[in-house]
Amino acid sequence: MSSCSGIKPHDDSNTSLSYLGTEKTQWRDTINKSYTRADKKDTIMLFGGTTILQDKLMMAAVRSLGENYVALPNPDFESFRKGKAFGNRGQCNPTYFTVGNLVKYLQNLQKETGMSSEEIVQKYLFVTAGGCGPCRFGMYITEYRKALKDAGFEGFRIMSFQHNEGIFQAENDKESINFSPTFFITMIKAAIIGDIINLLTYKIRPYEVEKGSTDKAVERCYEILANAFIQKKNLVLAMWRCRKVLEKVTLDRLQPKAKVMIMGEFWAAMTEGDGNYNLHRFLESEGAECIPQPVMNRLMLSIWEAEYAAKKVEDLEDKEMKNIDFSNVKTKVMIKLAKAAIKTYFTLYAKAAGLHDYEIPNIEELSKLSKVYYPLDAEGGEGHLEVAHLLESVKHNLSHLVISVKPFGCMPSSAVSDGIQSLVTSHYPSANFLSIETSGEGAANFYSRVQMALFKAKQSAKEEFEALEMPENVPDKVHNYLYQPKGEMAGSAAQLIHSLETQSL
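Keep in mind the model is a prediction, meaning the values are calculated, not measured.

Novice: Break down the overall build of the chain for me, with residues and values.
Specialist: A count of helical and extended segments in the chain gives 17 helices and eight strands. Among the 505 residues that make up the chain, the fraction classed as buried is 50%. Across the chain, contacts joining residues at least 24 apart in sequence account for 74% of those joining residues at least 6 apart. Surface accessibility of the chain: about 24100 Å² in total, with carbon and sulfur atoms responsible for 53%.

In structure tokens, the structure reads:
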């Protein structure tokens, strides 16, 4: 492999011009899979990419299987700058943040320990999801390898599993990581539990009386859950203990706050940091309650896509000429089992933690809702979910504002979904919808646009709340997060008052 001498070298001053006049060469990707399962005890596997809580829970979960996994810190603007310095131009925000985050971690590790690049390459590897599609996601792994080489970590191992190929991806040989069904099931449990705690966090934190009390409670919940994973204790019981911790957070829930559904490109909508300008925290500081994007939604979409693809194969076959296709039958059975298992796990953990008013998204129903606008055969990104979530919010009055956040130039979200959303909003003029891009810079413009859309949402929440009659005696249960009534109102405070009016009739 020839080295790429046409790249600008990186130094602390970032002013070197030694690359000028040098001959350009073509960089070629090489794959280093020099890892055997016998090396496991001497190898530290790095990973990351979900929410802060879920990364930490997944680390505890896979460590319970005897694997030495370490979750990377939450990506920040320094990660973004590292990604820009060592990555290709024209990449999207998630690439810059996640690739740069790995480079930053290794460089800091080198400074703190004095390890050489060769020692780090020998001792560490990075595990990530791979895949293909009409966006840059299919090139992430190549971007990791190129950036690591240019940062001085040539040969650093990047191992991947396919995000859409189910739990049976284990290798039969001894030359790679064994992504066994047990590995994936354990990770899925951690992701589901993380989703539940995150959903509860966003329901509770906007109404906390003592600032910071929710975050302290969630940290205690993490300790309980991490201990349960590592010691292989009952996870349902651990979630019940978390319920008791969260109940101690004092709340004032009769505050009319705009409810904001956050959706869009998976990473940009889910991350809790500089990658989306701390959108969730910013909205809360402006007087809003967020409906976050659970990891589970993406998991259920992947299952639906597999089911949809299997159905298309079945429809194309000549039923009078063919024999029974047992491979397709097996696929359909596995899909049904996967959906049943996820729903069972979610129901058990959610009820134990006290999350009563959230239902696992029915992707099939959402596809029926959106297919008038969105071609279901169009794959990539979040598929039909972005359009479906807006339609669902408008038709069922789920929120006062829907924000679709995505990286600058995200092809599936910006070029496809946003184009269709303009048609949806023309048919539903009452929809308060904001599509907004992140580019790593430009926070002031981002916040300004969010504030303008949020102003309208806050007015709607206030009018909705003031249209109801406040009861003379408000029971204490209203301020307990376990009381989660469903109703026709979008705002949480309005739902509570409306539920009390209904009960008094």
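Novice: Break down the pattern of salt bridges for me, citing the residues and quoting the values.
Specialist: Should the charged atoms of two oppositely charged side chains come close, the side chains can pair. Considering all chains together, one arrives at 14 salt bridges under this definition. Lys-486 is paired through a salt bridge with Glu-359; the nearest N and O atoms lie 3.1 Å apart. Of this pair, Lys-486 sits in the loop between helix H16 (443-466) and helix H17 (492-504) while Glu-359 sits in the loop between helix H12 (326-353) and helix H13 (363-370); the two residues are 127 residues apart in sequence, bridging distant segments of the chain. Taking relative accessible area as the criterion, Lys-486 reaches 56% and is therefore assigned exposed. On the accessibility criterion, Glu-359 (57% relative accessible area) is exposed. By sharing partners, the salt bridges in this structure join Arg-205, Asp-215, Arg-281 and Glu-284 into a single network.

Novice: Hey, could you go over the pairing of strand E5 (residues 258-264) for me, with residue numbers and the actual values?
Specialist: Burial analysis of E5 places seven of its seven residues in the buried class, which makes it a mostly covered element. Residues Ala-258, Val-260, Ile-262 and Gly-264 point to one face of E5 and Lys-259, Met-261 and Met-263 to the other, with burial holding for every one of them. As defined by bridge partners, E5 adjoins strand E6 (residues 288-291) across four bridges and the pair is classed as parallel. Residue Lys-259 lies in a different strand from E6, and its bridge partner there is Glu-289.

Novice: Summarise the packing of helix H6 (residues 181-204) against helix H8 (residues 235-247); cite the residues concerned and give the values.
Specialist: At a closest axis distance of 12 Å, the pairing of H6 and H8 adopts a crossing angle of 15°. It follows that H6 is roughly parallel to H8 by the angle criterion. The two elements H6 and H8 meet at a crossing, and its hand is right-handed. Contacts between H6 and H8 involve Lys-189, Ile-193, Ile-196, Ile-197, Leu-200 and Ile-204 on the former and, on the latter, Leu-235, Met-239, Cys-242 and Leu-246. Among the residues forming the contact of H6 with H8, the class breakdown is nine nonpolar, no polar and one charged.

Novice: Let's hear about the sheet that holds E6: which residues, and what values?
Specialist: Ordered in space as E6-E5-E7-E8, the four strands form an open sheet in which the pairing is parallel. Strand pairing shows two members of the sheet lacking a second neighbour, E6 and strand E8 (433-438), which therefore form its edges. This sheet shows a mean twist of 30° between the axes of neighbouring strands, independent of strand direction. With respect to the sheet, H16 is in contact with E5, E6, strand E7 (401-407) and E8, its orientation differing from that of E8 by roughly 160°.

Novice: Can you tell me about the pairing of E7, naming the residues and giving the values?
Specialist: For E7, the tally of buried residues reaches seven of seven residues, placing the bulk of the element in the interior. Of the two faces of E7, both are covered, the one formed by Leu-401, Ile-403, Val-405 and Pro-407 as well as the one formed by Val-402, Ser-404 and Lys-406. By the bridge criterion, five bridges tie E5 to E7 in an arrangement that is parallel. Bridge assignment links Gly-264 to a residue of E7, and that residue is Val-405. Judged from the six bridges that link them, E7 and E8 form a sheet pairing that is parallel. Bridging from a neighbouring strand, Ser-404 pairs with Ser-435 of E8.

Novice: Residues and numbers for helix H14 (residues 385-396), please.
Specialist: Side chains that are three or four residues apart share a direction in an α-helix, a result of its 3.6 residues per turn. Helix length check: H14, at twelve residues, gives a terminal C-alpha distance of 16 Å against a target of 16 Å (1.5 Å per residue), a fit within 8%. Taken together, the buried positions of H14 are Leu-385, Glu-386, Val-387, Ala-388, His-389, Leu-390, Leu-391 and Ser-393. Downstream of H14 by one or two residues, Asn-397 has phi in the positive range, about 50°.

Novice: Help me get a handle on the packing of aromatic side chains, residues and values and all.
Specialist: A full pass over the atoms with the stated rule returns 16 aromatic pairs. Between Phe-77 and Tyr-277, the aromatic rings sit 6.4 Å apart at their centres with planes inclined by 45°, giving tilted as the arrangement. In this pair, Phe-77 is assigned in helix H2 (residues 77-86) and Tyr-277 in the loop between helix H9 (266-270) and helix H10 (279-285), connecting sequence segments 200 residues apart. For Tyr-277, a relative accessible area of 3% gives the class buried. On the numbers, 5.3 Å between centres and 80° between planes, the contact of Phe-183 with Phe-184 is edge-to-face. Look at Phe-183 and you get buried, because its relative accessible area is 4%. The ring of Tyr-207 carries the charged tip of Lys-257 above its face, separated from the ring centre by 6.0 Å.

What counts and how
Residues numbered from 1 in each chain as written. Predicted model: local features only at pLDDT ≥ 70, side-chain atom pairs only at ≥ 80, totals over all residues. Heavy atoms only, no water. Helix = DSSP H or I, 4+ residues; strand = E, 2+ residues; numbered from the N terminus. Buried < 20%, exposed > 50% of the residue type's maximum accessible area, 1.4 Å probe, protein only. Contact = heavy atoms within 4.5 Å. Areas by Shrake-Rupley, 256 points an atom, 1.4 Å probe, with all protein chains shown as cover. Salt bridge = Lys/Arg side-chain N within 4 Å of Asp/Glu carboxyl O. Pairing = 2+ DSSP bridges. Axes fitted to C-alpha atoms, helices over the stretch in contact; angles between N-to-C directions. Parallel < 35°, antiparallel > 145°, perpendicular 65-115°, else oblique. Left-handed = near helix turned anticlockwise from the far one by under 90°. Nonpolar A, V, L, I, M, F, W, Y, C, P; charged D, E, K, R; others polar. Expected span 1.5 Å × (residues − 1). Phe/Tyr/Trp six-rings, centres within 6.5 Å; stacked < 30°, edge-to-face > 60°. Lys NZ or Arg CZ within 6 Å of the ring centre and 35° of its normal.

The values reported here are purely geometric and, on their own, carry no functional implication.
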